[in-house]
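The residues making up each chain are set out below.
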Amino acid sequence: ILNVEQSPQSLHVQEGDSTNFTCSFPSSNFYALHWYRWETAKSPEALFVMTLNGDEKKKGRISATLNTKEGYSYLYIKGSQPEDSATYLCAPDNDYKLSFGAGTTVTVRA
Amino acid sequence: KAGVTQTPRYLIKTRGQQVTLSCSPISGHRSVSWYQQTPGQGLQFLFEYFSETQRNKGNFPGRFSGRQFSNSRSEMNVSTLELGDSALYLCASSSDSNTQYFGPGTRLTVL
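Residues numbered from 1 in each chain as written. Chains lettered and ligands numbered in written order. Predicted model: local features only at pLDDT ≥ 70, side-chain atom pairs only at ≥ 80, totals over all residues. Heavy atoms only, no water.

Caption draft 1: Structural detail: the overall build of chain B. Scanning chain B for helices and strands turns up zero helices and eleven strands. Compactness check: chain B gives a C-alpha radius of gyration of 13 Å against a globular reference of 13 Å for 111 residues, within 12% of the reference. With respect to the principal axes defined by its C-alpha atoms, chain B has extents near 35 × 25 × 25 Å. For chain B, buried positions account for 49% of its 111 residues. (Helix = DSSP H or I, 4+ residues; strand = E, 2+ residues; numbered from the N terminus. Rg over C-alpha atoms; globule rule 2.2 N^0.38 Å. Buried < 20%, exposed > 50% of the residue type's maximum accessible area, 1.4 Å probe, protein only.)

Caption draft 2: The packing of aromatic side chains, seen in detail. On inspection of all chains with the given rule, the structure shows twelve aromatic pairs over all chains. Between A:F21 and A:W35, the ring centres sit 6.1 Å apart and the planes meet at 70 degrees, which makes this aromatic pair edge-to-face. Highlighted residues: A:F21 in strand β3 (residues 19-24) and A:W35 in strand β4 (residues 32-38), separated in sequence by 14 residues. Note on accessibility: A:F21 and A:W35 belong to one class, buried. Look at A:F100 and B:Y35: their rings are 5.4 Å apart centre to centre, the planes differ by 85 degrees, and that puts the pair in the edge-to-face class. Of this pair, A:F100 sits in the loop between β10 (97-98) and β11 (104-109) while B:Y35 sits in strand β4 (residues 31-37), on two different chains. The class for A:F100 is buried, based on a relative accessible area of 10%. Since its relative accessible area comes to 0%, B:Y35 is described here as buried. (Phe/Tyr/Trp six-rings, centres within 6.5 Å; stacked < 30°, edge-to-face > 60°.)

Caption draft 3: Representation of the state of the cysteines. For the coordinates displayed, the defined rule picks out two disulfides over all chains. The residue that forms a disulfide with A:C23 is A:C90, at a sulfur-sulfur distance of 2.0 Å. Disulfide A:C23-A:C90: torsion about the S-S bond near 80 degrees, hence right-handed. Of this pair, A:C23 sits in strand β3 while A:C90 sits in strand β9 (residues 86-94); the two residues are 67 residues apart in sequence, bridging distant segments of the chain. With relative accessibility at 0%, the residue A:C23 sits in the buried group. Here A:C90 falls in the buried class, since its relative accessible area comes to 0%. Across the disulfide from B:C23 sits B:C91; the S-S distance is 1.9 Å. Here the S-S torsion is close to 70 degrees, and the disulfide linking B:C23 with B:C91 is therefore right-handed. Pair noted here: B:C23 is in strand β3 (residues 19-24) and B:C91 is in strand β9 (residues 87-94), with a separation of 68 residues, a long-range link. When its relative accessible area of 0% is taken as the criterion, B:C91 is described as buried. (Disulfide = S-S within 2.5 Å.)

Caption draft 4: Region of interest: the sheet that holds strand β7 (residues 62-67) of chain A. All names here are of chain A. Taken in spatial order, the five strands line up as β1-β3-β8-β7-β6 in an open sheet, and their pairing is antiparallel. Edge positions in the open sheet fall to β1 (5-7) and β6 (56-59), since each of these has one partner strand only. Neighbour-to-neighbour, the strand axes of this sheet turn through a mean angle of 15 degrees, independent of strand direction. With six bridges joining them, β3 and strand β8 (residues 72-77) adopt antiparallel strand pairing. Within the sheet, the bridge partner assigned to F21 lies in β8 and is L75. (Pairing = 2+ DSSP bridges. Axes fitted to C-alpha atoms, helices over the stretch in contact; angles between N-to-C directions.)

Written as structure tokens, this is what we have:
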């Protein structure tokens, strides 16, 4: 199981503002990195699977970048909306098992 | 397509008992993974099955076991329950071991 760090642990954002947060993971033996969004009382929802260094993925107002050489990924939310309030989890994929970070909990204030 | 289903959704057991949780993957998915989430902890990987074979295992004691059937449905079993086993247990299915689709989870309470 890999050591995965996400920062910050939580953040509060005003509606309409943009924000970003970090996922750090061991860069050796990298296979893929997953991002999930987990809303209260729901199942974790897959956002992105990223495999290549320099990869950039986008889904609506949410985007992510990946640096496999230094072992980090950023997730960006542009123009935050209340429905973006959730815990965002990253998980490097190592030999068919995901090692989840503790997540960044985003609260968007209207 | 129906999503991942887990039964039961809630369960209360007492220490020393055993429990079996069930997971039905999305049709066509052959990989099923199990995770545990306890208060203050992130999702912890338990094990992953593919075509009835355990391919990978996390760092959990032998009291935690699982299996997968020919129709890809999976069960996990916890024997001799301890208070610390109280958790949300999630399963996830995948067609290619990339994107995993999670079920709603089973909330286990051990008294």
